[in-house]
Structures are given as C-alpha cells and as structure tokens.
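For reference, the chains in residue letters:
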Amino acid sequence: MRVFIAGIDGYLGWPLAIHLSASGHEVAGADLLLRRQWVAEVGGISAQPIASREDRLSAFEERFGKAIDFRVGDLMDYDFVKEFFKDFQPEAVVHLGQMPSAPYSMIDQAHCVGTQENNVINNLNILWAIKEAVPDAHLVKLGTMGEYGTPNIDIPEGFFEVEFRGRRDRLPFPRQAGSWYHQSKVHDSHNTHFATKIWDIRATDIMQGVVFGTQIEEMGDDLRLRTRLDFDQCFGTAINRFCCQAIIGHPLTLFGRGMQKRGFLPLLDSMACLRLAVENPPGPGEFRVFNQFENAYSVTELANMVKAVASEIGLEVTINHYDNPRTELEEHYYQPDRQHLINLGYQPTRDTRSVLRQMMLDLQDNRERIEAHAHVLIPDIRWDSSRRRSEIIG
C-alpha cells in the first residue's frame, strides 16, 4: 500500500515511516521540520540526538535498500500538498503534521492563533487534496484523547446513543477541549467528519493517548534511525519528562494533587495501531473514531511507576508536587472505551514497566544533554496568565 505521512520528521512520523516500510508498504512524506524549531524556541532539545534529514535518508536507504520520498514542504501550501498527492497517488494519508502541544498554544495570542491557523488550515488542505487528487484515499487523522476532556460519564469511541424528549439518535460524543491546541483538534474532527458526508471521503479519527518510548525494534542499532524524545514543558509529555528527570536526579514534577488521569501507550503500540488503521480502511463516506491507548493511569501512579523502575536500575528518585499551571479538574472520573482496534487485531503490550526500563537505559547515555537543559523542566506557561510560575507545594 502507498502511504503518505504528513509530519514524517516527528516523534511519531519517523518511526511510523520505518515501521510501515518494514511491513512492506511504500512510504512517502512531507515535513517543514517545524518541530525542531519549536523545541529550540522554548529552550528545549531532544534527549536523544536526532540525525539531520539527510542522514536519516541515508540510514533509511541502507536499512531498507530503497530511498524514501521525504520532501521538505509546508502543509499550509495547498499547491505543494495537491501536487505531491498527484505524484505519489497515496492509498492512505496519515496526518501527523500539526503543532501538538497544549502549553505552546497557551503562551500568548500569537501562539494561540498560530496553532489554530496551522492545524485547522493544513487539515483542510489535506482534505481538499484528497478530494481533488486521490478521492479514494483513506485519511488517518491523528487526534487526541484530550478532545473529550474529562466528562463525568464513560467516553465512547466517537459516537453515542442519545435519548431526548422521547426520541433517540446516534450523535458525536461532545468534545470538551482543555487548551487552544485541543480546541484546534476538535475543529479538525468536525471538519473531517463533514468532508466524509459531503465528498464520500474515507476517514479514521484517532483519539490517541499519551505516547512514550525511545525506539521501535525496526530501527535496529543504527542511531541515525532513532526518533526524537522531548522533555521540555511544551513538547515533553509527562511520562517522557519523568524518565528524563529520573536520569539526572531531578524530582519528578507532579502538577497539583497528581490525580489527573489519562490514557497512555508505548511507541511500539502506537505504530501497530496506526498500521492496523491504515491496513483496514473504512468504506466510502465512513467516518470512524478509534480511541487509541493501552492503559489509563493517574499522574501519581505514573510517577510511582517511574520511581520503582528507576530504583531497579540504581537510580534514586524523589517526587515533588508543584502548583498546577493548567486550568483542569484535579480529580475526575475517567473511563474511556477502546474496542475498535482490539476488533482489528490490536494486542496491547501490557508491560509498561519494561518499556520504561528500556527508555531509562537508552537515556542514560544522554544524561549530559538532559542536565544541560534541566531549566526547561519547571513550567512557567500558565493557563491563567495572572499566575506566573509553578511553585513546589509539598
């Protein structure tokens, strides 16, 4: 199958290109390399050194015996997207090419508007390019479990049955975004759903949990094939950040009471789930929603797990609670469904601890890189701008 990856240079995009190629698919992709710029802008760095585009392409060709069509280009440029689709004729389009950070979108007006413009418009460009160049292609759009928020009822996979005033219907489950970034993803979901109804586009909306991990098996021992791993307040997810903190002896940074609960899955499982979605397309005009995660943990459970695994490899870890920079419920009900991918054959790893152990072993080789940028571990981006910096609260 010919698969186009939008955002092929990213944390998920690059390993997905490797995973799909190893599975026999023909892969091409585009990226403007903005993730590298955004992380540098907030003072961060990838904990794992990442190769240049040119070195990645060389390593890929050596590994798989063929070149990959990885073009530097802007998804906001509709002509670029449409012409690439005409050239490559993808059967599936995996859209990972967006600004993925809630804190980054909350910095100020410019970052809020920039996030909305980039994410909403480039998703519309991809929808239009599919319509005009490859109308039978299947769009696999990466969303986030954060679109749902934390409702006080179970979270279905996209749709639910509603009875109101004696009448019943199947409706999209309400989205309750918690940041300008998540709000942009809600707009993408609505726009994609609308496109399937009016143009008969095939689409799968992936509501993905928090991904963690440093590598996948298909990368082998070639460090040029490794993906990035960020630990700053904007682009470093909680679990990746905790592992980096453990490596350098920095207290794990729990926000507030640490009872916020989210879905998590290892990088290798994310790749397997995205491949299953690609290989099992919906019918024309069908809009599917998959909740993609392995386990749900509170942030405290997560921190305690990192602490325990770190202890097994000789690292002493402490945990501090910090004033929560976000506007969110500190304690809440959280029970999402995740059956659709199971029905397609997804078999969860169910071994978070072994993935954490491998991460920390990988990261030990880059301790000095993390230590040199330890200042990015304490957040100063606030949802409420009247409060400026996080403080330790116990």
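Engineer: Lay out empty space enclosed by the protein in plain terms, naming residues and giving numbers.
Structural biologist: Within the structure shown, the criterion is met by 1 cavity of 30 Å³ or more. Taken as a whole, the largest cavity spans an internal volume of roughly 40 Å³. Taken together, C273, N291, Q292, F293, R338, L341, I342 and Y346 form the lining of the largest cavity.

Engineer: Describe the environment of N291, naming the residues involved and giving the relevant values.
Structural biologist: Secondary-structure assignment places N291 in strand β12 (residues 287-292). Spatially, the C-alpha atoms of N291 and D205 are 8.6 Å apart, while their sequence positions differ by 86 residues. Sequence-distant contacts of N291, that is, excluding residues within four places in its chain, are made with M145, Y148, I155, P156, E157, M207, P336, D337, R338 and L341. Polar side-chain contacts of N291 include one of 3.1 Å to the backbone oxygen of P156.

Engineer: So, the layout of surface pockets: which residues are in play, and what are the values?
Structural biologist: Approximately 270 Å³ is the volume found for the second largest pocket. At the level of elements, α9 (267-279) and α12 (352-364) are the ones that each hand at least two residues to the lining of the second largest pocket. Its residues assigned to classes, the lining of the second largest pocket shows 6 nonpolar, 6 polar and 2 charged.

Engineer: Which residues make up the nonpolar core, and what are the values?
Structural biologist: In this structure, I5, L12, L16, I18 and I68 are the most contacted members of the largest nonpolar core, which totals 38 residues. Counting residues per element, the ones that place at least two in this core are β1 (2-6), α1 (13-22), α3 (53-64), β4 (92-95), β5 (138-144) and α9. Top element by residues in this core is α9. It accounts for 7 residues. Residues contacting I5, with those up to four places away along its chain left out, are G13, L16, A17, L20, V27, A28, G29, A30, V94 and L96.

Engineer: How would you summarise the packing of helix α6 (residues 109-133) against helix α7 (residues 180-199) if you had to cite specific residues and measurements?
Structural biologist: At a minimum axis distance of 9 Å, the contact between α6 and α7 shows a crossing angle of 20 degrees. When the interaxial angle is binned, α6 and α7 end up roughly parallel. Helix-helix and strand crossings are classified by hand; for α6 and α7 the assignment is right-handed. Taken together, the residues of α7 that come into contact with α6 (itself represented by C112, T115, Q116, N119, V120, N123, L124, L127, W128 and K131) are W180, Y181, Q183, S184, H187, D188, N191, T192, A195 and W199. In terms of residue class, the contact of α6 with α7 is built from 9 nonpolar, 9 polar and 2 charged.

Engineer: Describe in detail α7, supporting the description with residues and values.
Structural biologist: Every α-helix winds through 3.6 residues per turn, so residues three or four apart in the chain are directed the same way. Here α7 contains 20 residues, and its C-alpha end-to-end distance of 28 Å stays within 8% of the 28 Å for a straight helix at 1.5 Å per residue. All of the buried residues in α7 are Y181, H182, S184, K185, V186, D188, S189, T192, H193, A195 and T196. The N-terminus of α7 is capped by S179, whose side-chain oxygen sits 3.3 Å from the backbone nitrogen of Y181.

Engineer: Describe the sheet that holds strand β11 (residues 261-266), and please don't skip the residues or the numbers.
Structural biologist: Read across the sheet, 3 strands follow the order β9-β11-β13 without closing on themselves; strand pairing throughout is mixed. With one partner strand each, in any of the chains shown, β9 (210-212) and β13 (295-298) form the two edges of the open sheet. Each strand axis lies, on average, 45 degrees off the axis of its neighbour in the sheet, ignoring direction. The pairing of β11 with β13 spans 4 bridges and is antiparallel. Considered in β13, the bridge of R262 is made with Y297. Along the sheet face, α9 touches β9 and β11 and points at about 80 degrees away from the line of β11.

What counts, and where the lines are drawn
- Residues numbered from 1 in each chain as written.
- Predicted model: local features only at pLDDT ≥ 70, side-chain atom pairs only at ≥ 80, totals over all residues.
- Heavy atoms only, no water.
- 1 Å grid on protein atoms, 1.4 Å probe; cavity = no way out; pocket = protein on both sides within 12 Å on 5 of 7 lines; lining within 4 Å.
- Points joined across faces, edges and corners; volume = space filled by probe spheres on them.
- Helix = DSSP H or I, 4+ residues; strand = E, 2+ residues; numbered from the N terminus.
- Contact = heavy atoms within 4.5 Å.
- Polar contact = N/O pair within 3.5 Å; in protein donor to acceptor, adjacent residues only side chain to side chain.
- Nonpolar A, V, L, I, M, F, W, Y, C, P; charged D, E, K, R; others polar.
- Core = buried A, V, L, I, M, F, W, Y, C linked by side-chain atoms within 4.5 Å.
- Buried < 20%, exposed > 50% of the residue type's maximum accessible area, 1.4 Å probe, protein only.
- Axes fitted to C-alpha atoms, helices over the stretch in contact; angles between N-to-C directions.
- Parallel < 35°, antiparallel > 145°, perpendicular 65-115°, else oblique.
- Left-handed = near helix turned anticlockwise from the far one by under 90°.
- Expected span 1.5 Å × (residues − 1).
- Pairing = 2+ DSSP bridges.

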